[in-house]
Amino acid sequence: MAQLLEVEQLKVSFRSHGGEVQAVRGVSFDIGHGEVLAVVGESGCGKSVTAQAIMKLLPKRGCNIKEGSIHFEGKDLLKMSGKEMKQLKGSQISMVFQDPMTSLNPTMKIGTQISEGIIKHKGLDKTQAKAKALELLKLAGIPNPESRYNQYPHELSGGMRQRVLIAIALACDPKLLIADEPTTALDVTIQAQILDLMKDLQHKFGTSIMLITHDLGVVAEMAQKVIVMYAGIVVESGTVADILERPKHPYTIGLLNSLPNYEDGEKERLIPIEGTPPDLYDPPTGCPFAARCEYAMEICVEELPKAFTVNDGHYSRCWLNDPRAPQVAEFAAAGRDES
Amino acid sequence: MTEVLLEVENLKKYFNVGKQSLKAVDNVSFSVRKGETLGLVGESGSGKSTLGRTIVGLNEATDGKMVFEGKDVRTFSNKEKRKYNRIVQMIFQDPHASLNPRMKVGDIIAEGMDAHKLASGKERMDRIYSLLERVGLQGEHAKRYPHEFSGGQRQRIGIARALAVEPKFIVADEPISALDVSIQAQVINLMEDLQRDMGLTFLFIAHDLGMVKHISDRIGVMYLGSFMELADSDDLFSEPLHPYTQALLSAIPAPTVSREKRERIILKGDPPSPISPPSGCRFRTRCPHAMDVCAAKVPEWKEIRPKHWAACHLY
Ligand SMILES: Nc1ncnc2c1ncn2[C@@H]1O[C@H](COP(=O)(O)OP(=O)(O)OP(=O)(O)O)[C@@H](O)[C@H]1O
Ligand SMILES: Nc1ncnc2c1ncn2[C@@H]1O[C@H](COP(=O)(O)OP(=O)(O)OP(=O)(O)O)[C@@H](O)[C@H]1O
Ligand code: SF4
Ligand code: SF4
Ligand SMILES: [Mg+2]
Ligand SMILES: [Mg+2]
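Model, not experiment: these values are computed from the prediction.

Things to note about the nonpolar core
It is characteristic of soluble globular proteins that their nonpolar side chains tend to be buried jointly. Counting 71 residues, the largest nonpolar core has I114, V164, M198, L211, V219, V226 and Y251 of chain A as its most contacted members. It is helix α7 (residues 158-170) of chain A that contributes the most residues to this core, seven residues altogether. Beyond its immediate stretch of four places on either side in the chain, M198 of chain A contacts L177, A179, P182, I209, L211 and M222 of chain A. In terms of nonpolar packing, the next biggest core, distinct from the first, is built from 63 residues, I157, I215, L236 and I252 of chain B among them.

Structure, rendered in structure tokens:
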């Protein structure tokens, strides 16, 4: 069966006085019906830009979708008119943003912000919209929705603002929910509730979710599939078990190694991935991770590795997966459970 | 390590919401020791940011006392106030909203430096460059504007800005929550290095309990404006006493698919409103162990084990 969302060879760049930022450099992935896809990766690697491209929220000036297609239920979003897209956004796809303060209007009561969308897209009258808004606020775990309804965004805590955004996103019963770091600002008990809420949507309504997150614990909890991005490309993709337990890309391995170990009492210094990601004004021609990779070989600097198939559905863009590459012991053992 | 830098006594911060008052921070007492990292965790909306903002002077306390280096903050002269504003810095939760979009990154970082006249000319530029590199960015980023950076990159700009004025005490409000995991570890190591090299003291607010445990010497747990528990971080994790802390720790998602998941304590009900918190114990409406006495009496904040404080009628 065709996938709900199919993104192919997406390339996005920004013009700025410093030159051209190649934010997304050929990203492909798909999301099936009722599936949760997690997108993880370096800060600045293009996760939000990819999401914004799907939502057609990229700035018109200075930004350029150079290549690629984004099919939603078989229709290319990039070829849709503004009007069609608006219709789709009100009824099929919605998004929860990374930055709750900037995506809420600071001068408007939160209740008004929610009911406005409901009136516009669902054609309800004011009283019905208010009732629906209160129901959504409650669904998103906002205590005392009646009194919160009349408050302004700055009067809410970060976590509460994020839940308001989720309530807004749910207003149209979306088929695809794009959630960009939806729980970053939340404490773990509320995070658990929000994740439960999203799992509920997935199970009850078959909602597909594209979940952008830094938290590999959240990935383990929520996702069926994972893509790992680095410097504007997908470096590894697979099932959640492939990525967390049998990673086959040094960047993914580095990510897993840099997590603090809170199970035992010993305080060891964290093992970050040293260095910084490449400048996307002038991305390297070879593997973008080469400058930070302890296994880097000559070919890595010269040529961008293709996506090697590790096994069905598990791909890694790393030369070490080439049968001719030297066998690295740590690499073969990475992520394997000691137990 | 035992020398106290900041003593907070019965601190209250109420906000007026319409005709009512919202008790964002309600009667909180604790001390911060010189050179330590005190972690602060808790329910979203429990008052962590408000507490941090009140400490750095961005909010005026409604009531209570703060004693910094032995002196009551309220009795500071203007000169002392200015010094306090320099040596006590805050790194914010929301890196987008806290950076002026119309200023170049270099000038944002130098803002405090300029205000306190710490450096000018070439020395100023050199410091901007070295601060940018110290937080893992590049010197040439000084000429760009905040919107050209990703969320994570912006957070590092915020850290560089705080470091620019040579602070002693940094309130870090979710400094790493927008960063990817590999950079989180760099920033945490950076904060630990800065602490060692410059003798900095941190109040570290975060939701990532793994990181909080890693970086903190002690951890305080807040719920609905009050402290529930405060202990050495290892003790808090190995033997959480307060039922809220127990639920909190059980909700940490583990980054593993095969290992057995821990039993989760799911909290029932909604967090109550800080406008009218429950009588007695604030946590009682959601506590799996609530008893009659919990509604009738506010549990005393006491040292239940050596250096392990909690407010709960179970003990
Ligand atoms: N409007 C813009 N103008 C210029 N460059 C931009 C713009 N928006 C994003 N970028 C650049 O595009 C790249 C990708 O940014 P994006 O926001 O997608 O990162 P991200 O993966 O979401 O990172 P984070 O995890 O930090 O949120 C970054 O290098 C960023 O600096
Ligand atoms: N300026 C304000 N006016 C009115 N109420 C406020 C204001 N600032 C904060 N509050 C309220 O104070 C309480 C505590 O908020 P605070 O931002 O300190 O929580 P927090 O613990 O930092 O939460 P989070 O983890 O979500 O960031 C919340 O109920 C919030 O709505
Ligand atoms: S291709 Fe080379 S540089 Fe890139 S991750 Fe693999 S080994 Fe490292
Ligand atoms: S005082 Fe009572 S309600 Fe509060 S945490 Fe203890 S047992 Fe639970
Ligand atoms: Mg982003
Ligand atoms: Mg906060």
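Further notes follow.
Describing the packing of aromatic side chains
The description of an aromatic ring pair rests on the distance of the ring centres and on the angle between the ring planes. If you walk through the whole model with that rule in mind, you get twelve aromatic pairs over all chains. An angle of 65° between the planes, with centres 5.8 Å apart, marks the rings of F308 of chain A and W319 of chain A as edge-to-face. Taken together, the residues span a long stretch of sequence, with F308 of chain A in strand β11 (residues 308-311) and W319 of chain A in the loop between β12 (314-316) and α13 (329-333) at a distance of eleven residues. Across the pair, W319 of chain A and F308 of chain A agree in class, each one buried. Pairing Y223 of chain B with Y244 of chain B gives two aromatic rings, centres 4.9 Å apart and planes at 50°, and the pair type is tilted. Of the two residues, Y223 of chain B sits in strand β9 (residues 218-223) while Y244 of chain B sits in helix α9 (residues 243-250), which places them 21 residues apart along the sequence. The exposure classification of Y223 of chain B matches that of Y244 of chain B, with both residues buried. Feature note: the residues F30, F227, W301 and W309 of chain B constitute an aromatic cluster, connected by ring pairs. Looking at K130 of chain A, its charged tip hangs above the ring of Y149 of chain A, at a distance of 4.7 Å from the centre. We note K23 of chain B situated over the ring of Y14 of chain B; from NZ or CZ to the ring centre the distance is 5.7 Å.

Some points on the site of ligand 2
In the vicinity of ligand 2, 20 residues are found, and the nearest of them are E155 of chain A together with G45, K48, S49 and T50 of chain B. Residue neighbours of ligand 2 fall on chains A and B, so the site bridges chains. Between ligand 2 and the protein, one listed contact pairs an oxygen atom with a side-chain N or O atom of H207 of chain B at 3.1 Å. Summarising the interface, the protein chains cover 90% of the accessible area of ligand 2, which totals 640 Å² for the free molecule. Sorting the residues of the shell around ligand 2 by element identifies α7 of chain A together with β2 (20-33) and α1 (48-56) of chain B as the ones contributing at least two each.

Observations regarding empty space enclosed by the protein
In the structure shown here, the tally under the stated rule is four cavities of 30 Å³ or more. Volume-wise, the largest cavity comes out at about 80 Å³. Every residue lining the largest cavity is counted, 13 residues in all, and those nearest its centre are P250, C287, C293, C300 and C318 of chain A. Its residues assigned to classes, the lining of the largest cavity comprises twelve nonpolar, one polar and no charged. Put simply, the second largest cavity is a space of about 70 Å³. Lining the second largest cavity are H242, P243, C281, F283, R284, C287, H289, M291, C294, C312, H313 and L314 of chain B. Across the lining of the second largest cavity, the residue classes break down as eight nonpolar, three polar and one charged.

Here we look at the sheet that holds strand β4 (residues 63-72) of chain A
Residue and element names in this part refer to chain A. On the basis of which strands lie adjacent, the open sheet formed by four strands has the order β2-β1-β4-β5 and antiparallel pairing. The open sheet is flanked by β2 (19-31) and β5 (75-76), the only strands paired with a single partner. Here two bridges tie β4 to β5, and the two strands are oriented antiparallel to one another. By the bridge assignment, F72 is partnered in β5 with K75. Its contacts with the sheet place helix α1 (residues 47-54) against β1 (5-16), β2 and β4, and it is angled at close to 110° to β1.

Description of the site of ligand 4
Residues and elements named next belong to chain B. Contacts to ligand 4 come from H242, P243, C281, F283, R284, C287, H289, A290, C294, C312, H313 and L314. More than half of the atoms of ligand 4 fall within 2 Å of the grid points belonging to the second largest cavity. Considering only residue class, the shell around ligand 4 consists of eight nonpolar, three polar and one charged.

Concerning the packing of helix α4 (residues 110-122) of chain A against helix α5 (residues 126-139) of chain A
All names here are of chain A. Relative to each other, α4 and α5 sit at 120°, their axes nearing to 9 Å. Taken together, the axis directions place α4 and α5 in an arrangement best described as oblique. In terms of crossing hand, the pair formed by α4 and α5 is right-handed. Residues I114, S115, I118 and I119 of α4 lie in contact with α5, whose contacting residues are K126, A129, K130, K132, A133, L136 and L137.

Cut-offs applied
Residues numbered from 1 in each chain as written. Chains lettered and ligands numbered in written order. Predicted model: local features only at pLDDT ≥ 70, side-chain atom pairs only at ≥ 80, totals over all residues. Heavy atoms only, no water. Core = buried A, V, L, I, M, F, W, Y, C linked by side-chain atoms within 4.5 Å. Buried < 20%, exposed > 50% of the residue type's maximum accessible area, 1.4 Å probe, protein only. Helix = DSSP H or I, 4+ residues; strand = E, 2+ residues; numbered from the N terminus. Contact = heavy atoms within 4.5 Å. Phe/Tyr/Trp six-rings, centres within 6.5 Å; stacked < 30°, edge-to-face > 60°. Lys NZ or Arg CZ within 6 Å of the ring centre and 35° of its normal. Near = heavy atom within 4 Å. Polar contact = N/O pair within 3.5 Å; in protein donor to acceptor, adjacent residues only side chain to side chain. Areas by Shrake-Rupley, 256 points an atom, 1.4 Å probe, with all protein chains shown as cover. 1 Å grid on protein atoms, 1.4 Å probe; cavity = no way out; pocket = protein on both sides within 12 Å on 5 of 7 lines; lining within 4 Å. Points joined across faces, edges and corners; volume = space filled by probe spheres on them. Nonpolar A, V, L, I, M, F, W, Y, C, P; charged D, E, K, R; others polar. Pairing = 2+ DSSP bridges. Axes fitted to C-alpha atoms, helices over the stretch in contact; angles between N-to-C directions. Sits in = over half its atoms within 2 Å of the grid points. Parallel < 35°, antiparallel > 145°, perpendicular 65-115°, else oblique. Left-handed = near helix turned anticlockwise from the far one by under 90°.

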